[in-house]
Amino acid sequence: SNMPVKSRLYELNDTGNAHRFIDKYGSDLHYNVDNKMWMLWNGSNWQFDVFISVKQNDQGHPTFDKEQANELYDYLTGKGLRVFNSARTLPVGKDFEPYIISALLTAKVMIVVGSCTQFMESQWVKNEWFRFQWLQKQDEKRNGKTERLLFCYLIRGMEPESIPAGLNRHIQ
């Protein structure tokens, strides 16, 4: 985690800033070449702020939901957030389950993107939001509360009444 900056004087230029940055974050921040992004290591997992859950493909074709999730990913990463979106974050040709577990464990926000109940209840999407809800419940048992937030981003005219029963407790 964020270690105190070593007590030494740094030059007041780009090189000095680079040395200061390395001394403070060098053991925790790594460039992940698989997904081409800087990642924060918390000692056991890669750290994410937001987890986007979305049905990527339907019958072999990319979904409109995927397009919307990618736009949301671009917007949030543009704001400096570390966002997990399987289409953009998972490395090709690697075992993806550890990445998904790491993202679920560390993200404080999940956004489930959906244009229809069927997509929000698809195997992988439901598995992700179900696991996230389980983590919320574990937080509540341990701490009496959770800081994890789950949102549904409804698109293409999907009505709140169409949100799957296990997920609709998050409607405010």
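Residues numbered from 1 in each chain as written. Predicted model: local features only at pLDDT ≥ 70, side-chain atom pairs only at ≥ 80, totals over all residues. Heavy atoms only, no water.

Focus on the packing of aromatic side chains
Okay, step 1: If you walk through the whole model with that rule in mind, you get three aromatic pairs.
Okay, step 2: Judged by centre distance (5.6 Å) and plane angle (90°), the ring pair of F48 and F84 falls under edge-to-face. Remark: F84 occurs in strand β7 (residues 83-85) and F48 occurs in the loop between β3 (46-47) and β4 (50-53); sequence separation between them is 36 residues. F84 shares its class with F48; the two are buried.
Okay, step 3: Ring geometry for F51 against F84: centres 4.6 Å apart, planes inclined by 20°, an arrangement best described as stacked. (Phe/Tyr/Trp six-rings, centres within 6.5 Å; stacked < 30°, edge-to-face > 60°. Helix = DSSP H or I, 4+ residues; strand = E, 2+ residues; numbered from the N terminus. Buried < 20%, exposed > 50% of the residue type's maximum accessible area, 1.4 Å probe, protein only.)

A few points about the environment of K66
Okay, step 1: Assignment of secondary structure puts K66 in helix α2 (residues 64-78).
Okay, step 2: Residue class for K66 comes out partly exposed when judged on its relative accessible area of 22%.
Okay, step 3: Taking C-alpha positions, K66 is 8.0 Å from A87, a pair spaced 21 residues apart along the chain.
Okay, step 4: Setting aside residues no more than four positions away along its own chain, K66 makes contact with V54, K55, Q56, N57 and A87. (Contact = heavy atoms within 4.5 Å.)

As for the nonpolar core
Okay, step 1: The biggest cluster of nonpolar side chains holds 20 residues, and the ones touching the most others in it are F51, F84, M110 and V112.
Okay, step 2: Listed by contribution, the elements that provide at least two residues to this core are α4 (97-106), β8 (109-114) and α6 (123-143).
Okay, step 3: If sequence neighbours within four positions are ignored, F51 has contacts with F84, I100, A103, L104, A107, V109, M110, I111 and E128.
Okay, step 4: One finds V54, L72, L76 and V83 within the second-largest nonpolar core, a separate group that totals 12 residues. (Core = buried A, V, L, I, M, F, W, Y, C linked by side-chain atoms within 4.5 Å.)

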